[in-house]
Amino acid sequence: MAGAFGAHGLRSLVSERGLEVFQTAVTYQMYHSLALVLLALLAGQGLSKKLLGWSAGFFLAGILLFSGSLYLLVVTDIRWIGPITPLGGVCFMVGWALLITSGLRRNK
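Residues numbered from 1 in each chain as written. Predicted model: local features only at pLDDT ≥ 70, side-chain atom pairs only at ≥ 80, totals over all residues. Heavy atoms only, no water.

Visitor: Tell me about the overall build of the protein chain, and please be specific about residues and values.
Guide: Helices and strands together make up the secondary structure of the protein chain, namely 4 helices and 0 strands. In sequence order, the secondary structure elements of the protein chain are arranged as α-α-α-α. Burial status across the protein chain gives 33% buried among its 108 residues. Looking at the protein chain alone, contacts between residues at least 24 apart form 67% of all its contacts between residues at least 6 apart. (Helix = DSSP H or I, 4+ residues; strand = E, 2+ residues; numbered from the N terminus. Buried < 20%, exposed > 50% of the residue type's maximum accessible area, 1.4 Å probe, protein only. Contact = heavy atoms within 4.5 Å.)

Visitor: Now, about the side chain of Ser55: what can you tell me, with residues and values included?
Guide: In this structure, Ser55 sits in helix H3 (residues 49–76). On the basis of relative accessibility, which here comes to 0%, the residue Ser55 falls in the buried class. Dropping the residues within four chain positions of it, Ser55 is found in contact with Leu39, Gly95, Leu98 and Leu99.

Visitor: Let's hear about the side chain of Ser69: which residues, and what values?
Guide: With respect to the helices, strands and loops of the structure, Ser69 is situated in helix H3. In terms of polar contacts, Ser69 uses its side chain to reach the backbone carbonyl oxygen of Leu65, at 2.6 Å. At a separation of 2.6 Å, a polar atom in the side chain of Ser69 contacts the side chain of Thr85. Apart from the residues lying within four places of it in its own chain, the contact partners of Ser69 are Leu64, Ile81, Ile84 and Thr85. (Polar contact = N/O pair within 3.5 Å; in protein donor to acceptor, adjacent residues only side chain to side chain.)

Don't take any of this as a statement about function, it's just geometry.
The following block contains the structure:
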């Protein structure tokens, strides 16, 4: 829905750059939402539920901070929100690191 809103609802309201930023937020939200589904599937495969839970938390925080800040930046043009975006990116990286760690520890 966010992608459709950006493509159709915002087209006449924001610049081309704003649409690109909005699309970036949509893309990262979509990929990490799929990663959350993957985590749920992996939870039943013998991986550490604790690490998978932490990974899910970091993915959720990343979606809120990264995509959420970009959505707000485009829609409101409040510039101080911009520095929040990298914190979301760090959350994504930590989430992936925890997911990989849970996989590597499975065989031990």
